[in-house]
Amino acid sequence: MSRFNNPLLLGSAMAALAVSAAFAAGPDLGPIAQQATNWPAIGMFGFFVIFTLGITYKAAMGTKSASDFYAAGGGISAGTNSLAIAGDYMSAASFLGISGLVYTSGFDGLIYSTGFLVGWPIVLFLIAERLRNLGKFTFADVASFRLDQTSVRIISATGTLVVVAFYLIAQMVGAGKLIQLLFGLPYLYAVIIVGVLMIVYVAFGGMKATTWVQVIKACLLLGGATFMAGAVLFKYGFNPEALFSAAVATHPKGDAIMAPGGLVNNPIEAISLGMGLMFGTAGLPHILMRFFTVSDAQAARKSVFYATGLIGYFYILTFIIGFGGIALLMSDPVYFKLGPAGAFDKIKDMVGGTNMVAVNLANAVGGPYFLGFISAVAFATILAVVAGLTLAGASAVSHDLYASVIARGRTNEASEVRLSKISAVVIGIVAIYLGYVFENQNVAFMVGLAFSVAASCNFPVLTMSILWRGTTTWGALIGGFVGLFAAVGMVVLSKAVWVTTFGNPVAIFPYDNPALFSMPLAFLTIYVVSKLDNTARAKRERALFDAQFVRSETGIGASGAHAH
Amino acid sequence: MSDPVTARIAQNPRFKELVHERTRFGWILTGAMLVVYFGFIGLIAFDKALLATKVGSATTSLGLILGVAVIVFAFILTGIYVQRANGRFDALTAELNRDLAR
């Protein structure tokens, strides 16, 4: 975010990018001192683990077919699915990062909250129902409906694995740092615990376990945040105006926290970020997979509606929590590292950095046991999100690459599912290794990159194949790769990598968010290449559009809730 | 799905009506969301002073109310879509299915 002029915001803004990446961003946390072992938090987290392992055991008993493994047998209800979708989205960074951003700069935190939410209506209006009507287990099923299986699955699986890889690295590093801070456990232990648990959830329990872990975490997180925001409002007689006045009176920036600050000074950067957030949401493989776990298009539609409400509610809570942090923590030296003569900077000296606002506030309003609860929920949050990512990655390997590209359909369900489980184990081990390797690297840009790739590769390939008759295999394949390379290339040439990581003096690509350029480029390439494609296959694919169109619009002939 | 069946559905007036209405409706709502969101971002980029305006004599600023309004608007928009899809579009789909069964 080269145009964001406040170095503190730089880290927090990245934090707001969906996951706990910010915990890895140097400027935010500063050097991490391992804290004293936090036994109440570890105890509550241990309880969560035992409970979810019980669910995994039960899910494993009921997971027999490929449909059970990838899509929970299509038996998830709209209400449950909406909690799982919301859970995938309410990551540790949305919670800790955005409340921290509100704490440091007030209003600007709201810019990210809105950006994260507005992708959901687009998902609902344009793709959710069609996705459910056309698909089976992965979004590649949909994109390759009338196009060449091998080519389209290669691009879809590549897009999926790239998104999953960057997202996972950021999560693993964030998890290690966060747990070091919250639980007082060594970094490597934390990374191994996360890696091993996610392997167990995914390899044994498949989508059923992954969904229920996510649902339980979503309920705990929503409950904890509701309690915290309620406690804050209670102190101000449930009058937000009183809370805002108290915050303005305490914050060093005073009344400026109620107005836009320096976060969005460059409109192009802002629009590019907004596009990445909005359309990236519609291309995240672990979220798209959730649409295949419900019985039909109606349930898919309802899940998005409820999920939008839950996520919006959650973001309003984080906003109140951030303001509560300002009003209740800022004048209390207990929450700050004190300099000589007891002086402290109300923003820079917060214990654990500004990402710990919500955690410190938990202590202020609920005491050490509530602090332990919130810490355990933060850990559970990371765990649930990485499990979803691992499942999406494993499905891309087994269902898309192995079954359709390598074995070319000459395989059976049992061996496909077995391969998926092996993939989950491999992905887990690789994730632990990468988490270890990247411990001291700045990985904050990786989440932004994951969103950009999702918006520039997965989303264009998916929407063009569903909505435009003219799309051909060549168009989807070349356009998808162009979007992928453009997004990755522009990020590599941007300040976050070119200057910060490689140490070059000046960034070649002037913006931090490539989506404004890479996404239209992908759409344009798909369009142009498809137009130029006059092969016999292209003609056949255009002719097959009617059958796909009828099914996507009506669900007639859609794959049902069960294996077929 | 064999071709004659596809062709029969694709030619069905109810199918055409359903697709036309839903596609139009989906794009209108998408447009509304894009205008509201990028309008909000545009105000932040170009007219910070307006967003800093106080509502009445209170501390609460216009920007804060608009920000929360964007969130609520997104939710209401999805509600409007689901309402119409559950009523109108599902009814059309059911009629289409009855037509096809005949």
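What you are looking at is a predicted structure, and each value in this text was computed from that prediction instead of being measured. (Residues numbered from 1 in each chain as written. Chains lettered and ligands numbered in written order. Predicted model: local features only at pLDDT ≥ 70, side-chain atom pairs only at ≥ 80, totals over all residues.)

Engineer: Just checking my understanding: could you explain the overall build of chain B for this structure?
Structural biologist: Across its full length, chain B carries 4 helices and 0 strands. Counting from the amino terminus, chain B carries its helices and strands in the arrangement α-α-α-α. Its C-alpha atoms give chain B a radius of gyration of 21 Å, clearly above 13 Å, the size a compact globule of 102 residues would have. Overall, chain B is about 65 × 25 × 20 Å in size when its C-alpha atoms are taken along their principal axes. When the 102 residues of chain B are sorted by exposure, 29% land in the buried category. Relative to all contacts within chain B whose residues are 6 or more apart in sequence, the contacts with residues 24 or more apart total 60%. (Helix = DSSP H or I, 4+ residues; strand = E, 2+ residues; numbered from the N terminus. Rg over C-alpha atoms; globule rule 2.2 N^0.38 Å. Buried ≥ 20, exposed ≤ 12 C-beta atoms within 10 Å, placed from the backbone. Contact = placed C-beta atoms within 7 Å.)

Engineer: Looking at this structure, how should I read the confidence of the model for chain A?
Structural biologist: For any part of a model where pLDDT is low, the fine detail of the predicted coordinates should not be relied upon. All names here are of chain A. Summarising the model, chain A shows a mean pLDDT of 85, and 92% of its residues fall at 70 or more. At the low end of the mean pLDDT range in chain A sits helix α1 (residues 7-15), at 34; at the high end sits helix α21 (residues 515-532), at 96. When the criterion is pLDDT under 50, residues 1-31 qualifies, and its contacts beyond four places in sequence or with other chains add up to 119 contacts. (pLDDT = per-residue confidence, 0-100.)

Engineer: Just checking my understanding: could you explain the environment of Ser398 of chain A for this structure?
Structural biologist: Residue and element names in this part refer to chain A. Mapped onto the fold, Ser398 is located in helix α16 (residues 357-406). Each C-alpha atom, one on Ser398 and one on Thr56, is 21 Å from the other, the two residues being 342 residues apart in sequence. When near neighbours in sequence (up to four residues on either side) are disregarded, Ser398 contacts Ala403, Glu416, Leu419, Ser420 and Ser423.

Engineer: Looking at this model, I keep getting lost on the interface of chain A and chain B. Mind explaining?
Structural biologist: Often, the extent of an interface is quoted as the loss of accessible area upon association of its parts. Taken together, the contact pairs 43 residues of chain A with 40 residues of chain B. At the level of elements, α7 (108-117), α8 (119-134), α12 (240-250), α13 (267-281), α15 (297-329) and α23 (545-554) of chain A are the ones that each hand at least two residues to the side of chain A that touches chain B. Sort the elements by how many residues they give to the side of chain A that touches chain B and α15 of chain A lands first, with 10 residues. Among the residues forming the side of chain A that touches chain B, the class breakdown is 27 nonpolar, 10 polar and 6 charged. (Nonpolar A, V, L, I, M, F, W, Y, C, P; charged D, E, K, R; others polar.)

Engineer: Explain the UniProt feature "transmembrane region" (unreviewed entry) in chain B here, please?
Structural biologist: In this numbering, the UniProt entry assigns the feature "transmembrane region" (unreviewed entry) to residues 25-46 and 58-82 of chain B. Overall, residues 25-46 of chain B shows 100% helix and 0% strand. The separation of its end C-alpha atoms is 31 Å. (UniProt positions renumbered as here; feature names shortened; annotations may be inferred.)

Engineer: What is the right way to read unusual backbone geometry from this model?
Structural biologist: Residue and element names in this part refer to chain A. In this model, Ala72 sits at a positive phi of 50 degrees, which is unusual for a non-glycine residue. Note on placement: Ala72 falls in the loop between α4 (66-71) and α5 (78-89). Of note, Phe238 is a non-glycine position whose phi angle comes to about 55 degrees, a positive value. As for its position among the elements, Phe238 is in the loop between α11 (187-235) and α12. The class of Phe238 is exposed, set by 11 C-beta atoms lying within 10 Å.

Engineer: Which parts of the structure should I look at to understand the packing of α8 of chain A against helix α18 (residues 445-467) of chain A?
Structural biologist: Residues and elements named next belong to chain A. Here α8 crosses α18 at 75 degrees, and the two axes come no closer than 11 Å. As far as their axial angle goes, α18 and α8 are roughly perpendicular. Within the contact between the two elements, α8 uses Leu126, Ile127, Arg130 and Leu134 and α18 uses Leu462, Thr463 and Ile466. (Axes fitted to C-alpha atoms, helices over the stretch in contact; angles between N-to-C directions. Parallel < 35°, antiparallel > 145°, perpendicular 65-115°, else oblique.)

Engineer: Is there a simple way to think about the packing of helix α3 (residues 39-62) of chain A against α16 of chain A in this case?
Structural biologist: A pair of packed helices is characterised by two quantities: the angle between their axes and the separation of those axes. Residue and element names in this part refer to chain A. Where α3 meets α16, the closest approach of the two axes is 8 Å, and the angle between their N-to-C directions is 45 degrees. Regarding the angle of α3 to α16, the classification is oblique. Seen from above, α3 lies across α16 with right-handed handedness. Here α3 contributes Pro40, Ala41, Met44, Phe45 and Phe48 to the contact with α16, which in turn contributes Pro368, Tyr369, Gly372, Phe373, Ser375, Ala376, Phe379 and Ala380. Residue composition of the contact of α3 with α16, by class: 11 nonpolar, 2 polar and no charged. (Left-handed = near helix turned anticlockwise from the far one by under 90°.)

Engineer: In this structure, what is going on with α13 of chain A? I would like to understand it.
Structural biologist: Taking 1.5 Å as the rise per residue, α13 of chain A with 15 residues should run 21 Å; its terminal C-alpha atoms sit 21 Å apart, in good agreement. Taken across its 15 residues, α13 of chain A has 12 buried, putting it largely inside the fold. Inspection of α13 of chain A places Glu269, Ala270, Ser272, Leu273, Gly274, Met275, Gly276, Leu277, Met278, Phe279, Gly280 and Thr281 of chain A among the buried residues, and these make up the whole buried set. Along its buried surface, α13 of chain A packs onto α7, α8, α14 (285-288), α18 and α21 of chain A together with α2 (13-46) of chain B. (Expected span 1.5 Å × (residues − 1).)

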